[in-house]
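Per-entry structural report
Given next are the chains, with one letter for each unit.
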Amino acid sequence: VAAARLCFLAVTFQVLLVSVCAAPENMNQGGVPYTISGGDPSSGSYSTNFQLNVKGPVEHFDVYGEVRTKYSQVYWTRNTPIELPPELVSRFKGKTMAITGYEIDQVTHSAPANSSTKGDVLGGFSCMPDCGETDKSVPIYNAYNHHYFSWLVGADSEVYERELAETLPNPTRTGIRDKPGYKGYPTNIVFKENPGGEYRKSYHGYPSGYAQLIHSPTQWLVEPMQIDTHNRNYDINDPVGYKPWFLPKRDQNSSETDLSIGLSPLIECPCSDRITRSVVNSSSILTSGKCQATISSEEECAAAVSKLAQVSWSKAVNNASLPAGCLLVPVEVTGEYGVIFNSAQSEMACDATENTWDNIEGISSGLLLRGDSDLGGLVNLSVVTDGTSANITLSGPDGAWYGVGFDAAAMSDEPYAIIVDGAGAVTERKLGNHAPGDLLSPSVVVVESRAVAGVRTVVVTRPVKGLTPKHYSIPTAAGGINLITAIGSGPELAYHKARTGASVTLLPVDVGACICAPVSRTFLTYMNTSTQEFNVNCVDEPRSDMLRKGDGTGRPVENAACKMQTYHGGLKCCQHTFFLTDLEQDAQIPQDKVDVYFLKWRYYFQEYVPATETAPASHRHLHHWVFLIDADVNDYEEDNAEYGKGSVGSITAHLTGREIGLEDIPTNYSGITPLVMTPHCHAPSCIREEFWNADTNELICNVTAMYADVKYGALSDVFNEANYITIPPCLFGDQPGLRHPVTLKPDTNIRAVKYFNNTFRHLGQMAQWTGLMVYDTDPY
């Protein structure tokens, strides 16, 4: 039934027939109730029933995204696309849908039909209006949502992989854009408000007359981050409350970790002993510009160059006509390098002007760079480039496949790779996460392929610029490239026989270069298979407290998440497929007990009616905004001066209207009007977040977290689990029960504050403000 109300006939005591209308129920029933913050009760009551909160009939459809995990494992990836119900796609072909709200749950579901899951590559399914007869909710103490992204995708948009993860506010490489030439209503929309542990009963409805618009919707994408905290001695659906199981040593210290909160400490992503830490001191190699910091001695200079190349001679000079500091000079014919340490206070730049080397076959004139590496003894690699094209030589076992992945420390980086099969045929691929990935259009030309004494050598040439975004672009400046390599047991690409990580350094072969003072870079590695650089930038006041008063106690210390050496837990230790328990606990993880369940979205929608000469449009389109109180940290650590002693901490941010993470920014605008404002923070420590107009000292939105309570039922019940959190958003609009919208200017000064219970230490915490808004210059 598509109507907003279901009606039936009833008989009164006066034996009169009357029509009685009952409001359809929301999907998520019971437990902590849906509610909003900061409404206007004097103007009436706002309904949190998704069928009644807006004017006119409301319909819905359901979508399900599959998740599979073992105990303590993380699921954090994008599922394969899920097709929307055919009748919905047909109905809205060439038309615009208005999403007026949504609900989310995590459920088990029997016998899903038309799932896009293929083997271990998970997808999901959809139905209209619903197909939840066999659904059973999974309690939050068994499966924890850390955050999510989901997208509705239209026929006129395309999905692509970003080269670098974008923080929106959590990192994702998923990109969606309009197809070339399209102009019109939005072709894709993202949903990311109130993710995390609060996602099920935090209200996701919009004020009447506002919606997220999408033209010709066809697919749904979901990219959740789920953490498995389910004690396998109990069924995944059992409402028995949190049943502690084994934890990593990081979480066993009860003087720091609150072990009685009713939620597993694994939800805070502790760094287990599977994570190793490393510091790499590396020098920049410049053929133009100047070093920010120079090497200060001949001995240090020679040591730095010897890490990069074979050194044939070294000397010290005082010559103002040369760049200051450490210089690398190629030695003709031998391929070795000389070292010059120039102690003069020179202003000369590291400009490459001479070409003293003969051209290498297949390379045009220009600045030549060359790098050679034996890649851990598995494959030999040589790269020569002039900035336009490159010669790449690979040598590996004849008769078996081998390959090299570029700009990667592990397969989880999903790199561009060149694969040579057992007969010498060459292909290019975009590898998946421990998967063969996608075969790419060829950009290499095979110049030579020969097999001598059991070694297959292949020489290829290709442009340095990648043919597509999935093809790696070879650097045109000197420096290092991280590589992974593997060899197989047979001629065709399959599971590897051996693999390793390595690197190659491109050095100038025809000009000198400056070697700058080494810079320390820090890295976290999981199980020697996945390495990522730790590059957190703790921003100074007034934007963020993280650098000077970072732990929330007011003490003059930076946050522990600012440095790799003091980082105890968070997203960097919590990647897809990672286990959060210690390595020695592997035998305790039941390998045959894999939880299979679904994240279920219910989208409420109406048909969008464009404006006419006599009537406005049925809905205004809502744009996202999001920012982090902790600025670029994203998941900081909450600390305490005395563990176990009751304490409330706080962190503050200062920024302007244009800096609140606006999306879909128009060329010209002067007003930002939020309609939905909501924090994102984690149980069990989150207390309250405030959003102030610092110019007028007006408190625009004040949200206090709601927690499970016995007045809503047993503390083991779904939607009322102990220490389960909900975040009631601030809603603004022109309907009963809501405050009138407030408009901010781009230069309005804003103060945002988070208050939290830091009686115990808490890792991987978040302090976000996010929501939906309109610009004063919106076309629709």
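Owing to the predicted nature of the structure, the values given are computational and were not obtained by experimental measurement. (Residues numbered from 1 in each chain as written. Predicted model: local features only at pLDDT ≥ 70, side-chain atom pairs only at ≥ 80, totals over all residues. Heavy atoms only, no water.)

**Looking at the overall build of the protein chain**
Under the convention used in this document: Secondary structure elements are taken from DSSP: a helix is a run of H or I of four residues or more, a strand is a run of E of two residues or more, and numbering for both begins at the N terminus. Here the globule rule is a power law, 2.2 Å times the number of residues to the power 0.38, and the radius of gyration is based on C-alpha atoms. Think of it in three bands: residues with accessible area under 20% of the maximum for their type are buried, residues over 50% are exposed, and the middle band is partly exposed, with areas taken using a 1.4 Å probe on protein chains only. Every residue pair with non-hydrogen atoms within 4.5 Å of one another is taken to be in contact. All accessible-area figures derive from a Shrake-Rupley calculation using a 1.4 Å probe, and residue coverage is judged against the displayed protein chains alone.
Broken down by element type, the protein chain carries 2 helices and 47 strands. Since a compact globule built from 780 residues should have a radius of gyration of about 28 Å, the 29 Å found for the protein chain is in line with a globular shape. With the principal axes as the frame, the protein chain shows a C-alpha extent of 110 × 65 × 60 Å. When each of the 780 residues of the protein chain is scored for burial, the buried share is 54%. Here the contacts in the protein chain between residues at least 6 apart in sequence split such that 75% fall between residues at least 24 apart. Accessible surface, the protein chain: about 32400 Å² in total, of which carbon and sulfur atoms supply 51%.

**Re the pairing of strand β19 (residues 337-342)**
Applicable threshold: The rule for pairing is simple: two strands pair if DSSP sees at least two bridges between them.
When you tally the buried positions in β19, you get 6 out of 6 residues, the bulk of the element. A two-sided burial pattern is seen for β19, the buried positions comprising Y337, V339 and F341 on one face and G338, I340 and N342 on the other. Examined bridge by bridge, strand β18 (residues 325-330) and β19 share 6 bridges and lie antiparallel to one another. Directly across from L327, in β19, lies its bridge partner I340.

**Remarks on the packing of aromatic side chains**
The following threshold applies: Each aromatic pair joins two rings of Phe, Tyr and Trp (for Trp, the six-membered one) with centres within 6.5 Å, and gets the label stacked for planes under 30 degrees apart, edge-to-face for over 60, and tilted for any other angle. Working rule: Lys NZ or Arg CZ, within 6 Å of ring centre, within 35 degrees of ring normal, means a charge sits over the ring.
Summed over all chains, the structure comprises 33 aromatic pairs. Among the aromatic residues, those joined into a ring-pair cluster are F61, F92, Y102, F191, Y603 and F605. The positively charged end of K572 is found above the aromatic ring belonging to F534, 5.6 Å away from the centroid.

**Observations regarding helix α2 (residues 298-306)**
For the record, the criterion: What the arc describes is the spread of directions from the helix axis to the C-beta atoms.
Three or more residues of α2 are buried, namely C301, A304 and V305. End-on, the buried residues of α2 take up no more than an arc of 95°, which puts them together on one face. As for α2, its buried residues are in contact with β17 (311-317), β18, β19 and β31 (513-515).

**Re the pattern of salt bridges**
Convention followed: Within this document, salt bridges are pairs made up of a side-chain nitrogen of Lys or Arg and a carboxyl oxygen of Asp or Glu, the two lying within 4 Å of each other.
In the structure shown here, the tally under the stated rule is 31 salt bridges. For E347, the salt bridge identified is with K290, shortest N-O distance 3.0 Å. Remark: K290 occurs in the loop between β16 (285-286) and α2 and E347 occurs in the loop between β19 and β20 (369-373); sequence separation between them is 57 residues. Residue E347 is classed as exposed on the basis of its relative accessible area of 60%. Residue K563 pairs with E558 through a salt bridge whose shortest N-O separation is 2.6 Å. Assessed through its relative accessible area of 28%, E558 is described here as partly exposed. Through salt bridges with shared partners, one network takes in D62, D130, D135, K600 and R602.

**Notes on the state of the cysteines**
A disulfide bridge is the covalent bond that connects two cysteines by way of their sulfur atoms. Formally: Here, the term disulfide refers to a pair of cysteine sulfur atoms separated by no more than 2.5 Å.
If you walk through the whole model with that rule in mind, you get 9 disulfides. There is a disulfide in this structure between C127 and C131, and the S-S distance comes to 2.2 Å. Here C127 and C131 share a disulfide; its torsion about the S-S bond, -75°, makes the bridge left-handed. When its relative accessible area of 17% is taken as the criterion, C131 is described as buried. The side chain of C538 participates in a disulfide bridge whose partner is C562; the two sulfur atoms lie 1.9 Å from each other. In this structure the cystine formed by C538 and C562 twists about its S-S bond by roughly -100°; its chirality is therefore left-handed.

**What about the sheet that holds strand β44 (residues 730-731)?**
Here we have 4 strands laid out as an open sheet, ordered β36-β47-β39-β44, and antiparallel in their pairing. Here the strands that pair on one side only, and so sit at the sheet edges, are β36 (623-628) and β44. In the sheet, strand β39 (residues 672-680) pairs with β44 via 2 bridges, with the strands oriented antiparallel. Each bridged residue has a counterpart across the sheet, and for V676 the counterpart in β44 is L731.

**Describing the environment of S412**
Residue placement: S412 occurs in the loop between β23 (402-406) and β24 (416-420). For S412, a relative accessible area of 27% translates into the label partly exposed. Residues within four places of S412 in sequence aside, it is in contact with N433 and S530.

**What to know about unusual backbone geometry**
Along the chain, M128 connects to P129 via a cis peptide bond; the corresponding omega equals 0°. Relative to the helices and strands, P129 resides in the loop between β7 (124-127) and β8 (136-137). One non-glycine residue with positive phi stands out, namely M527, at about 55°. Tracing the backbone shows M527 in the loop between β32 (519-526) and β33 (530-534). Overall, the relative accessible area of 31% leaves M527 in the partly exposed class. In this structure, D664 is a non-glycine residue whose phi angle is positive, near 55°. Inspection of the secondary structure puts D664 in the loop between β38 (648-656) and β39.

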